Amino acid sequence: MITNFRLWPESASSVAGGVDLLFLILLVVCTAVSVGIAAFLIYSAIRYHRKSPNELGTQTRYNIPAEVTWTVVPFIFFMAVFVWGAKLYFEIQRPPDNAMSIYVVGKQWMWKVQHLEGQREINEIHIPVGRPVKLIMTSEDVIHDFFVPAFRTKQDVLPDRYTTTWFEATTPGKYHLFCSQYCGTKHSGMIGWIYALTPVDYQRWLTQGAPEGSLASTGEKYFHQFGCANCHHFNNQGRCPDLRNLYMRPVLLTTGKTIIADDSYIREKLHDPDAQVPWGFSANVMPNFTGVVTEEQILALISYIKALGPQPGTQEPSSSGAAPAEYGTQKGIGGPGATSNAGSQVEKR
Amino acid sequence: MIQAVAPKIEKNYLNEKVGLLSWLLTTDHKRIAILYTFSITVFFFIGGFFALMMRLELLSPRNWLVSAETYNKLFTMHGIIMVWFFLIPSIPGTLGNFLIPMMVGAKDVAFPKLNLLSWYIFMLGGGVTVYALFRGGVDTGWTFYTPFSTTYSTTYVVAAAVGIFIAGFSTILTALNFIATIHSMRAPGLTWFKLPIFVWSMYANSVVLILNTPVLAITLVMLAVERIFTVGIFDPALGGDPVLFQHMFWFYSHPAVYTMVLPAMAVISEIVPAFSRKPLFGYKAVAFSSIAIAVVGFLVWGHHMFVAGESVYSALAFSFLSYCVAVPSAIKVFNWTATIHGGSVSWDTPMLYAIGFIGLFTIGGMTGLFLAALGLDVHVHDTYFVIAHFHYIMVGGSVMAFLGGVHYWWPKISGKMYPEGLARLSALIVFIGFNLTFFPQFVLGYLGMPRRYAAYPEEFQMLHVLSTAGATILGVGYVLPLCYLIWAWHYGRDATPNPWRATGLEWKSSSPPPTHNFEVTPIVTAKLPYDYEAMKEELELV
């Protein structure tokens, strides 16, 4: 049975209107031009239809003004569309500073989602409306693509690196999530739902979930489980850097270059510890964690390091291995405000 | 020359020698064109069969006919066969081979033996690919994206890649042959700006093929090396970069898209003047627009990667260049249209195909503007919108042009006329079937239906059913010409040397031409191309 037949997609994000407007304007102009060309073609074919078998057409070869016109006018139109499309793209690509982060891991053939609050979901993402959401995504295997038609947003999800996308849902509802980059046998089964909830419903959903702890606290568990805590002491001493106050800060490397300690940098250290070593430290100290930690565990670890934000001395992180109760609720530590906090720190410097 | 026994039958390239060996060992460009025609027709119907199976499967939102695994193989095989064994070799291998030497007034191509070798290499590549397909197929999509193709797929990836790799050499050799022929074998007096636009377009096309095919070859070699020897090139698990593959593949494949449509533009640029009895309007603009497409076409590959994690600034550059490459295509459309205006327009089958081509190519090109708009591409990328867009170019464009060209030159190639009424009806069926198949896919795409889905949410079903209905009509439109052209080959009315009263040198030869094309080497005295004015008496036109 055919249900829900429609010709126009739902639109439920802050950028959808802009995309639709450009699409509609282009549609109107291109339809007008196409119909114009088709009408002129048909008119000419009928008006100049051969009347006698020996008839010859008029032997016009050039008309320079006309030719210049139909070269220049389309070019100007194309440039206008180019500029408009580019403006829209920058808007779609750049997440606002106050966006809340959600981590997404794609694998054949499912979407695994981790919220900073600790909730984990598969093929479903619950988000609040009216609040920008930034997704930090990676893949465990092949290239996938995170596509939400109702939000007019799409981003490839690549193995071995993070890509991001963002959206702000405007209307509460249930929206399709598709994998839009062919990823193998069950590609068409790698689909899910986005649940855009009102802020009240979202809060209810957050409390209903009853996770074991925030993502940062899970990360802290891994930090001890994988032995990171054995070397990375929080006292600025020893062979390994103190990870407090590291996230999104510039790091001076042994090469003399400076790099921002973002998600990708932290991830890289686990897979290739001897690349881009910080100044004052040596290579061949940190073990390689390739094949030891999963992408999800890395995201939890990053979330923990992110939560180690405060200035040294102001907050002594727990090193007991037990998840501190305040993680995930405390502002700036793994809570929804964590990203904005980290971002503002960068700006302050 | 020995006269035939029956006085009415003159010796021509078809009857001078007989027997299978005379065909398999021929170095005559016209016979090689026939060999290609036979081969690509077989490949077209294999690829078409896969398409039909896909369309049938998509009648239902669930897998009702084939499994997801089989569906993935179907779209992969459809793509591989249609792109490398039909679209790219179609017009160059058949009409290009037959016509380029005749249009320049030569006896054959510059390297006739190389020309035959091209066909054998093509058949070898095709054979290996078909072997891979029937042994179990490939499920990577024709784009072979890594690391899926190198590490995860368990199908016959390397065999298919080897087939395509081999066929690439045939493409390069044919292109080389055309370039050498056009440079060195033009008849006395036939300067560059007197050449038919067909030759200009095929020249631009050949240059592109020589430059981009080796890139595909090396990309496929790297893919095979990673897959067989687990050398890390593209798979990040081995230390490679998956996006590097996309850069290399599209650096080949975007120009390749133009090598599928430049020959189609070549054909249309001949049909439109011939059936309007008018010189091609804006000849130089059309000639140089082909060159512009060939050059700028190499600079736009990044527009396939706007959502692949490309930096916003390179996306900006590729979007800009993509709009630039749209200009020469627009120029061509306006010039063809202006040629028809004020002509003596006949509604013969080739012209119906040409007019259909201009309309469908316009829609295909215009929807490219949507895709090149960065912010809009984010939504429609990798959806049915893209599928509809490139099928408007490749099926609505290239296949329509191929059929138009086959009808236009059929009297020359076979020496027989095809049944005009039936042919016009088929052209109409193709046009209707095509639009019904692919127009709904634009709507599907904007709704968000992703590509390469074996099953899909129910709300898309209505449009899929429409599309499948269109595909069956389109199928009829393709089978009909196959039937009546074979019929006409045997039973058609004999064709005169120049049934359309066109200006090209190929029409100065008999139908079908003798083995050496011209009894005497033609000397071109006309000052201009498509010079109906000068040839008025000769063509009996008033």
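Computed from a prediction, not measured in an experiment: that's the story for all the values here.

How each quantity is defined
Residues numbered from 1 in each chain as written. Chains lettered and ligands numbered in written order. Predicted model: local features only at pLDDT ≥ 70, side-chain atom pairs only at ≥ 80, totals over all residues. Helix = DSSP H or I, 4+ residues; strand = E, 2+ residues; numbered from the N terminus. Contact = placed C-beta atoms within 7 Å. Pairing = 2+ DSSP bridges. Axes fitted to C-alpha atoms, helices over the stretch in contact; angles between N-to-C directions. Nonpolar A, V, L, I, M, F, W, Y, C, P; charged D, E, K, R; others polar. pLDDT = per-residue confidence, 0-100. Buried ≥ 20, exposed ≤ 12 C-beta atoms within 10 Å, placed from the backbone. Core = buried A, V, L, I, M, F, W, Y, C linked by C-beta atoms within 7 Å. Domains from an automatic or database assignment. Expected span 1.5 Å × (residues − 1).

1. Details of the overall build of chain A
Thought 1: A count of helices and strands for chain A gives 8 helices and 12 strands.
Thought 2: Summarising the internal contacts of chain A: among those between residues at least 6 apart in sequence, 69% fall at separations of at least 24.

2. Some points on the sheet that holds strand 1 (residues 100-107) of chain A
Residue and element names in this part refer to chain A.
Thought 1: Here we have 5 strands laid out as an open sheet, ordered 3-2-1-5-8, and mixed in their pairing. Since the sheet does not close on itself, it has two edges, and those belong to strand 3 (120-122) and strand 8 (163-167), each with one partner. Neighbour-to-neighbour, the strand axes of this sheet turn through a mean angle of 25 degrees, independent of strand direction.
Thought 2: Of the pairings in the sheet, the one linking strand 5 (residues 133-139) to strand 8 comprises 5 bridges and is antiparallel in character. Paired with Leu 135 across the bridge in strand 8 is Thr 165.

3. As for the interface of chain B and chain A
Thought 1: Facing the 80 residues of chain B at the interface are 75 residues of chain A.
Thought 2: A total of 14 residues in the side of chain B that touches chain A trace back to one element, the largest contributor, which is helix 10 (residues 312-340) of chain B.
Thought 3: For the side of chain B that touches chain A, the residue count by class is 50 nonpolar, 20 polar and 10 charged.

4. Digging into the confidence of the model for chain A
Thought 1: Model confidence for chain A is summarised by a mean pLDDT of 85, while 87% of its residues fall at 70 or above.
Thought 2: Residue range residues 311-349 of chain A is modelled with pLDDT below 50. Its contacts to residues more than four positions away, or to other chains, number 70 contacts.

5. Focus on the sheet that holds strand 6 (residues 144-148) of chain A
Residue and element names in this part refer to chain A.
Thought 1: One open sheet holds the 5 strands; their spatial order is 4-10-9-6-7, and the pairing between them is mixed. The sheet terminates laterally at strand 4 (124-128) and strand 7 (153-157), the two strands that pair on one side only. Within the sheet, the average angular offset between the axes of one strand and its neighbour, ignoring direction, is 20 degrees.
Thought 2: Both strand 6 and strand 7 contribute to a ladder of 5 bridges, which runs antiparallel. Bridge assignment links Asp 145 to a residue of strand 7, and that residue is Asp 156.

6. Examining unusual backbone geometry
Excluding glycine, residues mostly carry a negative phi; peptide bonds, for their part, are mostly trans.
Thought 1: Omega for the peptide link from Gln 108 of chain A to Trp 109 of chain A comes to -5 degrees, which places this bond in the cis form.
Thought 2: Mapped onto the fold, Trp 109 of chain A is located in the loop between strand 1 and strand 2 (110-115).
Thought 3: Pro 512 of chain B follows Ser 511 of chain B through a cis peptide bond whose omega is -10 degrees.
Thought 4: By the secondary structure assignment, Pro 512 of chain B is in the segment after helix 15 (461-491).
Thought 5: The phi dihedral of Phe 144 of chain B is positive, around 50 degrees, even though this residue is not glycine.
Thought 6: The buried category is assigned to Phe 144 of chain B, around which 24 C-beta atoms lie within 10 Å.
Thought 7: The backbone of Glu 540 of chain B shows a phi angle near 55 degrees, a positive value even though the residue is not glycine.
Thought 8: Relative to the elements of secondary structure, Glu 540 of chain B occurs in the segment after helix 15.

7. Some points on the nonpolar core
Thought 1: One finds Val 199, Ile 268 and Phe 357 of chain B to be the most contacted residues of the largest nonpolar core, which totals 266 residues.
Thought 2: No other element matches helix 8 (residues 242-276) of chain B, which puts 22 residues into this core.
Thought 3: When residues of this core are assigned to domains, at least three fall in each of domain 1 (100-209) and domain 2 (215-348) of chain A.
Thought 4: Not counting chain neighbours up to four residues away, the residues in contact with Val 199 of chain B comprise Ile 100, Met 103, Val 104 and Ile 182 of chain B.

8. Considering the domain arrangement of chain A
Residue and element names in this part refer to chain A.
Thought 1: Assigned domains of chain A: these are domain 1 (100-209) and domain 2 (215-348).
Thought 2: Facing the 16 residues of domain 1 at the interface are 15 residues of domain 2.
Thought 3: Elements that contribute at least two residues to the side of domain 1 that touches domain 2 include exactly strand 1, strand 2 and strand 5.
Thought 4: Top element by residues in the side of domain 1 that touches domain 2 is strand 1. It accounts for 4 residues.
Thought 5: Of the residues belonging to the side of domain 1 that touches domain 2, the class tally is 6 nonpolar, 5 polar and 5 charged.

9. Quick word on the environment of Lys 107 of chain A
Residues and elements named next belong to chain A.
Thought 1: Within the fold, Lys 107 resides in strand 1.
Thought 2: The buried category is assigned to Lys 107, around which 20 C-beta atoms lie within 10 Å.
Thought 3: With 31 residues separating them in the primary sequence, Lys 107 and Thr 138 have C-alpha atoms 8.9 Å apart.
Thought 4: The contact partners of Lys 107, leaving out residues within four places of it in the chain, are Lys 112, Ser 139, Glu 140 and Asp 141.

10. Looking at helix 14 (residues 420-447) of chain B
Thought 1: Here helix 14 of chain B contains 28 residues, and its C-alpha end-to-end distance of 41 Å stays within 8% of the 40 Å for a straight helix at 1.5 Å per residue.
Thought 2: One or two residues past the end of helix 14 of chain B sits Gly 448 of chain B, with phi positive at roughly 110 degrees.

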